[in-house]
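Descriptive structure summary
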Amino acid sequence: MSFENISDRGLVILGCGRMGGAILQGLLKGGLSANSVWVVDPHPSDWLNGAGVHLNAELPENPAVVLVAVKPQMMADALPRLSAMAQGNTLFVTVAAGITIAGYEKMLGGQTRLVRAMPNTPAAIGRGVTAIVGNPNATPADLDTAEALMGAVGQVVRLDNEGQMDAVIGVSGSGPAYVFHLIEVMAAAGVAEGLDPDLAMRLAKATVGGAGQLAEDSDETPSKLRENVTSPGGTTAAALEVLMDPETGMPPLMRRAVAANIARNRELGK
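Residues numbered from 1 in each chain as written. Predicted model: local features only at pLDDT ≥ 70, side-chain atom pairs only at ≥ 80, totals over all residues. Heavy atoms only, no water.

The subject of this paragraph is the packing of helix α8 (residues 165-173) against helix α9 (residues 175-192). Two measures define how a pair of helices packs: the angle their axes make with one another and the distance between the axes. Interhelical geometry of α8 versus α9 gives an angle of 30 degrees and a closest axis separation of 5 Å. Classified by the angle between their axes, α8 and α9 sit roughly parallel to one another. For the pair formed by α8 and α9, the contact residues are Gly170, Val171, Ser172 and Gly173 on the first element and Gly175, Pro176 and Tyr178 on the second. Taken together, the residues that form the contact of α8 with α9 break down as 3 nonpolar, 4 polar and no charged. (Axes fitted to C-alpha atoms, helices over the stretch in contact; angles between N-to-C directions. Helix = DSSP H or I, 4+ residues; strand = E, 2+ residues; numbered from the N terminus. Parallel < 35°, antiparallel > 145°, perpendicular 65-115°, else oblique. Contact = heavy atoms within 4.5 Å. Nonpolar A, V, L, I, M, F, W, Y, C, P; charged D, E, K, R; others polar.)

The following block contains the structure:
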């Protein structure tokens, strides 16, 4: 998709920390002109200072898109100032967790065209996955625009309804932390069996990274890939018997972890 509309009318990015910065870098690499971008950020990084965007300058009255990437606790202060844009034909795309569509409509007004997006941290290297869902005012073209924006940092999936967002946060939003912990515990198990800590960590990182890439690139399902590695009665089978135990293994553990994530997310959203 071309960024013609954004090039003509401008993109405002509210908050340019890790996620906002990653999206901006992806868009600039994808050919969006820095001159079409206005960034509001009280503590700009050195990279941002040198990026050629309009930084903490007067904003265009009717930008094509406002990308909301500030922390949830800063929203109540930052967003109402932009409510005039929300009454025009500006699309708001938010990447902040924890605030519902209803929460944004309260701050910006019920007529706002809004797309809620949930990316994850591998977006920092262009390998994120983002789920998007629009409010009733968001048009199919708005969802296309949001998908193009978030496509700057990885894959994009569309949800049927906002109710699915909690599960997305539980699986992919927080999921990188689960994988980082898997690396930690695999390395620790290697150390417990006599490996040097640096070597064990190197093996664990490369194994998880390589297996993840293979799962993404392969036409075979993860189940089939697992079976390919597992000889009946062999060493991998012995380990999987422990990991796949229906009562004490990873399946119930992951279900409990994701359920705890969702419960906490709903608590915070109240």
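Between α8 and helix α13 (residues 250-269), whose axes approach to 9 Å, the crossing angle comes to 130 degrees. The orientation of α8 with respect to α13, classified from their angle, is oblique. Regarding α8 and α13, the two cross each other, and that crossing is right-handed. Residues Asp166, Ala167, Ile169, Gly170 and Val171 of α8 lie in contact with α13, whose contacting residues are Val258, Asn261, Ile262, Asn265 and Arg266. (Left-handed = near helix turned anticlockwise from the far one by under 90°.)

This part takes up α9. Helix length check: α9, at 18 residues, gives a terminal C-alpha distance of 26 Å against a target of 26 Å (1.5 Å per residue), a fit within 8%. Considered for burial, the residues of α9 that qualify are Gly175, Pro176, Ile183, Ala187 and Gly190. Projected down its long axis, α9 shows its buried positions confined to an angular sector of 125 degrees, all on one face. Contact partners of the buried residues in α9: α8 and α10 (197-217). Note on α9: the residue one or two positions beyond its end, Gly194, has a positive phi of about 105 degrees. (Expected span 1.5 Å × (residues − 1). Buried < 20%, exposed > 50% of the residue type's maximum accessible area, 1.4 Å probe, protein only. Arc of directions from axis to C-beta.)

Within the element layout of this structure, Thr94 appears in strand β5 (residues 91-94). Overall, the relative accessible area of 0% leaves Thr94 in the buried class. In terms of polar contacts, Thr94 uses its side chain to reach the backbone amide nitrogen of Ala96, at 3.2 Å. At a separation of 2.5 Å, a polar atom in the side chain of Thr94 contacts the side chain of Tyr104. (Polar contact = N/O pair within 3.5 Å; in protein donor to acceptor, adjacent residues only side chain to side chain.)

It is worth spelling out the side chain of Ser172 at this point. Along the chain, Ser172 falls in helix α8. Apart from residues no more than four positions distant in its own chain, Ser172 is found in contact with Asn120 and Val129.

What follows deals with the nonpolar core. By size, the foremost hydrophobic cluster in this structure holds 36 residues, and its most contacted members are Leu11 and Val93. Listed by contribution, the elements that provide at least two residues to this core are β1 (11-14), α2 (18-29), β2 (37-40), β4 (65-68), β5, β6 (113-118) and α7 (140-150). Judged by nonpolar contacts, the second largest core, of 26 residues, contains Met85, Leu108, Ala131 and Met165. (Core = buried A, V, L, I, M, F, W, Y, C linked by side-chain atoms within 4.5 Å.)

Strand order in the open sheet made by the 8 strands is β3-β2-β1-β4-β5-β6-β7-β8, with mixed pairing throughout. Looking at the sheet topology across the chains shown, the edges are occupied by β3 (54-55) and β8 (154-158). Pairing of β1 with β4 involves 4 bridges; the strand directions are parallel. Residue Ile13 lies in a different strand from β4, and its bridge partner there is Leu67. Across the sheet, helix α6 (residues 101-108) lies against β5, β6 and β7 (128-134), angled at about 140 degrees from β6, the strand it touches most. (Pairing = 2+ DSSP bridges.)

The predicted model of the protein averages 93 in pLDDT, with 99% of residues at 70 or higher. Across the protein, the secondary-structure element scoring lowest on mean pLDDT is helix α4 (residues 72-78), at 81, and the one scoring highest is α9, at 98. (pLDDT = per-residue confidence, 0-100.)

Attention now moves to the pattern of salt bridges. By the definition in use, this model includes 8 salt bridges. Measuring nitrogen to oxygen at the nearest pair gives 2.7 Å for the salt bridge that ties Glu147 to Arg158. Of the two residues, Glu147 sits in helix α7 while Arg158 sits in strand β8, which places them 11 residues apart along the sequence. A relative accessible area of 29% means that Glu147 is categorised as partly exposed. A single network of salt bridges, built from pairs that share partners, joins Asp144, Glu147 and Arg158. (Salt bridge = Lys/Arg side-chain N within 4 Å of Asp/Glu carboxyl O.)

Turning our attention to the environment of Met250. Relative to the helices and strands, Met250 is located in helix α13. Taking C-alpha positions, Met250 is 9.7 Å from Leu240, a pair spaced 10 residues apart along the chain.

Mapped onto the fold, Thr236 is located in helix α12 (residues 235-243). Along the primary structure Thr236 and Leu182 are separated by 54 residues, whereas in three dimensions their C-alpha atoms are 17 Å apart. Beyond its immediate chain neighbours, meaning those up to four positions away, Thr236 contacts Val229 and Thr230.

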